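Structural overview for review
Spelled out from the first residue to the last, the chains are:
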2 protein chains.
Amino acid sequence: MPDSEGHPDFDELELGAVLTALADPIRRQVVAVLAGEPDGTERPCSSFGLPLTKSTLTYHFRLLRESGLVRQVNRGNSRMAQLRRADLEARFPGLLALVVAETQQAGKGAPSVAGNTARAPH
Amino acid sequence: MPDSEGHPDFDELELGAVLTALADPIRRQVVAVLAGEPDGTERPCSSFGLPLTKSTLTYHFRLLRESGLVRQVNRGNSRMAQLRRADLEARFPGLLALVVAETQQAGKGAPSVAGNTARAPH
DNA sequence: AGGAAGGTATGATGCAAGTCGTACCTTCGT
DNA sequence: ACGAAGGTACGACTTGCATCATACCTTCCT
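One structure accompanies this document, and this report is about it. In this text, all values refer to a predicted model and were calculated from it rather than measured experimentally.

1. Some thoughts on the overall build of chain A
Within chain A, the secondary structure is distributed over five helices and three strands. Scanning chain A from its N terminus toward the C terminus, one meets helices and strands in the order α-α-β-α-β-β-α-α. Classification of the 122 residues of chain A by burial places 42% in the buried group. A sequence separation of at least 24 residues applies to 66% of the contacts in chain A between residues at least 6 apart. In the form shown here, chain A has an accessible surface area of approximately 6,700 Å², with 53% of it arising from carbon and sulfur atoms.

2. A closer look at the sheet that holds strand 2 (residues 70-75) of chain A
Residues and elements named next belong to chain A. In spatial order, the strands read 1-3-2; together these three strands make up an open sheet with antiparallel pairing. Two strands bound the open sheet, and with one partner strand each, they are strand 1 (43-44) and strand 2. Here strand 2 pairs with strand 3 (residues 78-83) via six bridges, running antiparallel. Bridge pairing links Asn74 to Arg79 in strand 3. The strands touched by helix 2 (residues 25-35) within the sheet are strand 1, strand 2 and strand 3, with strand 3 carrying the most contacts at an inclination of about 75 degrees.

3. Looking at the sheet that holds strand 3 (residues 78-83) of chain B
Strand order across the open sheet formed by three strands is 1-3-2 (chain B), with antiparallel pairing between neighbours. The sheet is open, and its two edges are formed by strand 1 (43-44) and strand 2 (70-75) of chain B, each paired on a single side.

4. Here's the deal with the relation of the copies chain B and chain A
It takes a turn of 180 degrees to lay chain B on chain A, together with a shift of 0.0 Å along the axis; the resulting RMSD is 0.0 Å. On the angle and the small slide along the axis, the relation comes out as a two-fold axis. Looking at chain B, 94% of its interface residues are interface residues in chain A too, so the copies touch through the same face.

5. Observations regarding the interface of chain B and chain A
One widely used convention gives an interface's size as the accessible area the parts lose upon coming together. Contact residues are listed per partner, giving 16 residues for chain B and 16 residues for chain A. Between chain B and chain A, a total of about 1,200 Å² is buried, with carbon and sulfur atoms accounting for 69% of that surface. Ranking the residues of chain B by area buried against chain A places B:Leu15, B:Leu19 and B:Leu98 at the top, with a combined share of 43%. At the junction of chain B with chain A, the criterion picks out zero salt bridges. Across the contact surface, chain B and chain A share zero residue pairs in polar contact (both at pLDDT 80 or more). Those elements that provide at least two residues to the side of chain B that touches chain A are helix 1 (15-22) and helix 5 (95-106) of chain B. The biggest single contributor to the side of chain B that touches chain A is helix 1 of chain B, with six residues. Split into classes, the residues belonging to the side of chain B that touches chain A amount to ten nonpolar, three polar and three charged.

Cut-offs used in this document
Residues numbered from 1 in each chain as written. Chains lettered and ligands numbered in written order. Predicted model: local features only at pLDDT ≥ 70, side-chain atom pairs only at ≥ 80, totals over all residues. Heavy atoms only, no water. Helix = DSSP H or I, 4+ residues; strand = E, 2+ residues; numbered from the N terminus. Buried < 20%, exposed > 50% of the residue type's maximum accessible area, 1.4 Å probe, protein only. Contact = heavy atoms within 4.5 Å. Areas by Shrake-Rupley, 256 points an atom, 1.4 Å probe, with all protein chains shown as cover. Pairing = 2+ DSSP bridges. Axes fitted to C-alpha atoms, helices over the stretch in contact; angles between N-to-C directions. Least-squares fit on C-alpha atoms with pLDDT ≥ 70 in both. Buried area = accessible area lost by both parts, 1.4 Å probe. Salt bridge = Lys/Arg side-chain N within 4 Å of Asp/Glu carboxyl O. Polar contact = N/O pair within 3.5 Å; in protein donor to acceptor, adjacent residues only side chain to side chain. Nonpolar A, V, L, I, M, F, W, Y, C, P; charged D, E, K, R; others polar.

Shown next as structure tokens:
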């Protein structure tokens with residue numbers, strides 16, 4: 001399985017897919033964290049402290065990758081994710097800023113993973 | 001049932017709700033059409049030529065209203081929708097432009113849902 | 001070599017989203 | 001007064017989304 005599997009090309013970026021990906025609070029938080037770090041920063045999926053199982057993480061990062069929000073690269077053991085900042089800024093200017101602004105504004109208390117998809121565990 | 005039912009206040013606008021609303025292509029199209037008209041334009045739900053039943057239309061416009069994207073006001077017979085342009089631009093700058101850009105880029109052929117149901121004030 | 005760590009694949013499950021049909025309510029125009 | 005037009009409310013149904021558990025595969029580190 002090649003490395004660049006599932007990464008849409010720049011001119012294949014679709015607003016619908018990006019908005020769908022960003023509609024989920026978990027994925028929005030991942031994007032916000034990545035956007036808040038210096039450009040080119042790479043982080044493994046497991047480094048976000050999300051209260052989810054590994055398989056659910058894989059699911060979310062697959063959506064982030066296939067929508068074009070992040071690029072994933074195999075670095076030995078783990079699979080690093082980095083924000084496709086330049087592509088996104090060129091294609092959807094201002095969008096990342098909105099996601100960042102949300103977390104900065106809501107980050108007064110300690111929301112950790114706040115979301116509108118509250119759901120009781122089974 | 002009062003008129004302003006279900007309209008979030010300006011400082012209640014949430015990015016999550018807005019992105020969720022815009023994740024659906026139908027609703028994105030409605031927003032794009034409204035955004036492409038002069039500010040303050042009012043249109044009834046039925047004037048968008050969407051291939052949906054009345055009840056489904058009500059459903060979509062309810063989401064648009066409750067997320068804060070449009071304001072709905074009773075004008076006699078019908079319920080006019082207008083884009084909350086200033087609020088959205090102040091709160092989520094650049095977001096509307098992204099939605100408009102999508103349709104302009106894809107809309108080389110025919111906008112299909114452009115309809116002229118401009119209304120004279122009473 | 002063998003285990004731990006990081007990810008993926010697949011199947012199952014529960015809930016939400018989008019759609020429709022029907023019934024019902026207003027308002028407008030005859 | 002009556003019907004047509006525009007919307008809403010509610011129930012039913014289908015599909016997709018988010019989640020987990022389990023099993024499996026790599027790569028690193030003793």
